[in-house]
Amino acid sequence: MTTDLRAKCAIAGLGQTRMGKNFDHPNAMGFAIEAIELALEDAGLSREDLDGLLVNPGVTWMENAMASFSLQQAMGLTDLTLTATMNLGGATAGAMIMHATQAIAAGMANVVACVFADAPLRPPSPEKGKAAGGSAAAYGFARGLNAYYGQFGVNAAYAFVAQRHMHLYGTRQEHLGAIAVAERDWANLNPAAQFYDAPMTMADYNAARWVVEPFHLYDCCLVSNGGLAVIVTSAERAKSLKHPPVYILGMGQGHPGGDPMDTLVSGAPLAKKTAFKMAGIELGDIDFAELYDCYTFTVLVTLEDYGFCKKGEGGPFVEGGRIGPKGSLPVNTGGGQLSSFYMWGMTPVAEAVVQMRGEAAARQVPRHDIGLVSGNGGILSTHSTLVLGANP
Amino acid sequence: MASVGRPIPAVTPDMAGFFEGARRGQLMVEKCDHCGALRFPAHDLCAKCLGRGATWVPVSGRGEIYSFNIMHQVYHPAFAAEVPYAVIVVKLEEGPKMISNLVGIKPHEIRIGMPVEVTFERGGEDLMIPKFRPRAR
Ligand SMILES: [Zn+2]
């Protein structure tokens, strides 16, 4: 049995708080509420219109097992017909939008807010005059033998996978650098990006300190405080709202299991199959791509896994600025999580909405009828695909 | 040993057999009582056959470097004087992979595919902890 979900729903609102080292709210909940308020305003809707609330909690509210209910209460939302706290890591944004679309198409909800928020950065401490906590503290967890061996955090585990890709396929440091530089070039065109005012050459990339080899500082995403929300509603309703609808044409998930060090393949091939079939498109129809980029390496693998190039040829593919502002395939056009801000899978979703609406100003891609959005969680563990369209 | 001050792992009941073996100078992995699949670290059940129950068995201690990284950032004070240091993934001859350190070689001389063998060092008061060192092929 299949139900045609193509273009049944649309993204009608986008809300983005300030990003990065800002302490506008004491915790993630505050950023989530602000993001939802902004998204409702953007759509021309009010709190009373919401009957669905989906939440992807960041690292700082993981202990809140019922985050969506806490958020509902904090916002005074009543009579919801759909809610969930969802976590597939970086694939959650896409998965929330899928869940919302399915529920709306099934008549179980009408207007659904999907939100990610986090606040892992702490204000400077008055005693020491320097930031406490920060990304290392929030993401540097380790237990048992791993801690004894000095294997801390996600950077270190991702590095194992990248190192194998380099070994098996001849991927070079400069290939990772080409992705970092391309995203920086895009960020230099995006006033909302944290690195808007900071150009970067390949020499700058190579000169930056190592975090964990083979990752330089600029291979790793910009852990940020902030919140991002989108409003999903039926395509019909979206047409009557403030902005042109961003139609959800295709959706898919893929979670390969096993050890990513063995396969070096993400869930993209699986997720793409479902999403492209639903959307009725082929790879050549994609005008631009917003690919989950917790690391440069993730972009490289994702490009391979969607079939933009053959497996193992992601390195040569990104050479020569191919994915940058002057390249033939615009990727991560707002600067991505590497040069703009890290809001898990919501970063690529938000930029796709801006591009789709034609509101991207200096960084606007010329053709923006069909956009590809990927989400990736864990270490190539979970994957979500969205195909978005400017037309139904 | 430079490892003084490193966070000493707790000997949890599921990993007790691993540390008992290490004390005898043997590298141990878990063997499923039902299908015989080997695994590391300890798990409550076998991902292959879903059988419960496993026995710690010694392995050769030989393997090769499957992957590695070189850590430059200090996440724990014990490593402040050690950065940059390498963390390795060893693929044992018997199949399972282990995260560990490689002794007797500089981090930047490590290559994927290098043959290695187990060696043990004292960790904390009363634990022996496996590390690896290069071996002739
Ligand atoms: Zn078994």
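Calculation criteria
- Residues numbered from 1 in each chain as written.
- Chains lettered and ligands numbered in written order.
- Predicted model: local features only at pLDDT ≥ 70, side-chain atom pairs only at ≥ 80, totals over all residues.
- Heavy atoms only, no water.
- Salt bridge = Lys/Arg side-chain N within 4 Å of Asp/Glu carboxyl O.
- Helix = DSSP H or I, 4+ residues; strand = E, 2+ residues; numbered from the N terminus.
- Buried < 20%, exposed > 50% of the residue type's maximum accessible area, 1.4 Å probe, protein only.
- Domains from an automatic or database assignment.
- Contact = heavy atoms within 4.5 Å.
- Buried area = accessible area lost by both parts, 1.4 Å probe.
- Polar contact = N/O pair within 3.5 Å; in protein donor to acceptor, adjacent residues only side chain to side chain.
- Nonpolar A, V, L, I, M, F, W, Y, C, P; charged D, E, K, R; others polar.
- Pairing = 2+ DSSP bridges.
- Axes fitted to C-alpha atoms, helices over the stretch in contact; angles between N-to-C directions.

Moving on, we come to the pattern of salt bridges. Residues and elements named next belong to chain A. Evaluation of the coordinates by the stated rule reveals 18 salt bridges over all chains. We note a salt bridge from Arg367 to Asp287, for which the minimum N-O separation is 2.7 Å. Residue Arg367 is located in the loop between helix 15 (346-357) and strand 12 (370-377), and its partner Asp287 is located in the loop between helix 11 (268-279) and strand 11 (288-290); the two are separated by 80 residues in the primary sequence. Exposure remark for Arg367: the relative accessible area of 55% places this residue in the exposed category. Linked by salt bridges that have partners in common, Asp42, Arg357 and Glu359 make up one network.

All names here are of chain B. Assigned domains within chain B: domain 1 (13-59) and domain 2 (61-137). Averaged C-alpha coordinates put domain 1 and domain 2 at centres separated by 21 Å. With 13 residues of domain 1 at the contact, the number on the domain 2 side is 14 residues. Here domain 1 packs against domain 2, burying approximately 1,100 Å² in sum over the two surfaces, 77% of which is carbon and sulfur. Contact with domain 2 buries area across many residues of domain 1, yet Arg23, Leu27 and Val59 alone supply 44% of it, more than any other trio. Linking domain 1 with domain 2 are 0 salt bridges, by the criterion used here. At the boundary of domain 1 with domain 2, the tally comes to 2 residue pairs in polar contact (both at pLDDT 80 or more).

Before going further, it helps to examine the domain arrangement of chain A. Residues and elements named next belong to chain A. Taken domain by domain, chain A consists of domain 1 (9-123 + 223-238) and domain 2 (246-389). Residue-level contacts link 38 residues of domain 1 with 29 residues of domain 2. Taking both sides of the interface into account, the surface hidden between domain 1 and domain 2 amounts to around 2,500 Å²; carbon and sulfur atoms contribute 76%. Interface area lost by domain 1 to domain 2 is led by Ile11, Gly90 and Met98, which between them contribute 24%. If you look at where domain 1 meets domain 2, you find 1 salt bridge. A salt bridge links Asp42 to Arg357, with the shortest nitrogen-to-oxygen separation between them at 2.8 Å. Taken together, the links from domain 1 to domain 2 amount to 7 residue pairs in polar contact (both at pLDDT 80 or more). Mapped onto the side of domain 1 that touches domain 2, the elements with two or more residues apiece are strand 1 (9-16), strand 2 (52-57), helix 3 (92-105), strand 4 (111-118) and strand 9 (226-234). Of the residues that constitute the side of domain 1 that touches domain 2, the class distribution is 24 nonpolar, 13 polar and 1 charged.

This part is about the sheet that holds strand 13 (residues 382-389) of chain A. Residues and elements named next belong to chain A. The sheet built from 9 strands is open, its strands ordered 3-2-4-9-1-10-13-12-11 with mixed pairing. Either end of the sheet is taken by a strand with one partner, and the two such strands are strand 3 (82-85) and strand 11. For this sheet the average axis-to-axis angle between neighbouring strands, irrespective of direction, equals 25 degrees. Of the strand pairs in this sheet, strand 2 and strand 3 are connected by 4 bridges, and their pairing is parallel.

A few words now on the sheet that holds strand 2 (residues 38-39) of chain B. All names here are of chain B. Taken together, the 3 strands give an open sheet; going across it, the order is 2-1-3, and neighbouring strands pair in antiparallel fashion. Taken across any chain shown, the strands that pair with only one partner, and hence form the sheet edges, are strand 2 and strand 3 (54-59). By the bridge criterion, 2 bridges tie strand 1 (residues 27-32) to strand 2 in an arrangement that is antiparallel. If you follow Glu30 over to strand 2, its bridge partner there is Arg39. Its contacts with the sheet put helix 1 (residues 16-23) on strand 1 and strand 3, and the angle it makes with strand 1 is roughly 145 degrees.

Now for helix 12 (residues 296-306) of chain A. Residue and element names in this part refer to chain A. With 11 of 11 residues buried, helix 12 lies mostly within the body of the structure. For helix 12, the complete set of buried residues consists of Thr296, Phe297, Thr298, Val299, Leu300, Val301, Thr302, Leu303, Glu304, Asp305 and Tyr306. Positive phi appears at Gly307, one or two residues downstream of helix 12, with a value of about 95 degrees.

Let's shift gears to the side chain of Thr92(A). Within the secondary structure layout, Thr92(A) lies in helix 3. Beyond its immediate sequence surroundings of up to four residues, Thr92(A) is in contact with Asn56(A), Met86(A) and Asn87(A).

Taken together, the 36 residues of chain B in the interface contact 26 residues of chain A. Here chain B and chain A share an interface that buries about 2,600 Å² over both sides, 61% of which is from carbon and sulfur atoms. Run the count over chain B and chain A and you get 2 salt bridges. Notably, a salt bridge pairs Asp262(A) with Lys97(B), separated by 2.9 Å at the nearest N-O pair. Our count for the chain B to chain A interface comes out at 20 residue pairs in polar contact (both at pLDDT 80 or more). Of all the secondary-structure elements, those providing two or more residues to the side of chain B that touches chain A are helix 1, strand 4 (62-71), strand 5 (85-92), strand 6 (97-100), strand 7 (115-123) and strand 8 (127-134) of chain B. With 6 residues, the top contributor of residues to the side of chain B that touches chain A is strand 4 of chain B. For the side of chain B that touches chain A, the class distribution of residues is 21 nonpolar, 10 polar and 5 charged.

Another aspect to go through is the pairing of strand 10 (residues 246-254) of chain A. On a regular strand, one side chain projects to one face of the sheet and the next to the other, so that they alternate. Residues and elements named next belong to chain A. Counting buried residues along strand 10, 8 of its 9 residues qualify, which places the element largely inside the surrounding structure. Note that strand 1 and strand 10 share 2 bridges and pair antiparallel. Paired with Ala10 across the bridge in strand 10 is Tyr247. Pairing analysis gives 7 bridges linking strand 10 to strand 13, with the strands arranged antiparallel. Its bridge partner being in strand 13, Gln253 is matched across the sheet by Ser384.

Residue and element names in this part refer to chain A. In this model, Glu213 is joined to Pro214 through a cis peptide bond whose omega is 10 degrees. Residue position: Pro214 is located in the loop between strand 7 (210-213) and strand 8 (215-216). Within the chain, Asn332 stands out as a residue other than glycine whose phi angle is a positive 55 degrees. Along the chain, Asn332 falls in the loop between helix 13 (314-318) and helix 14 (336-340).

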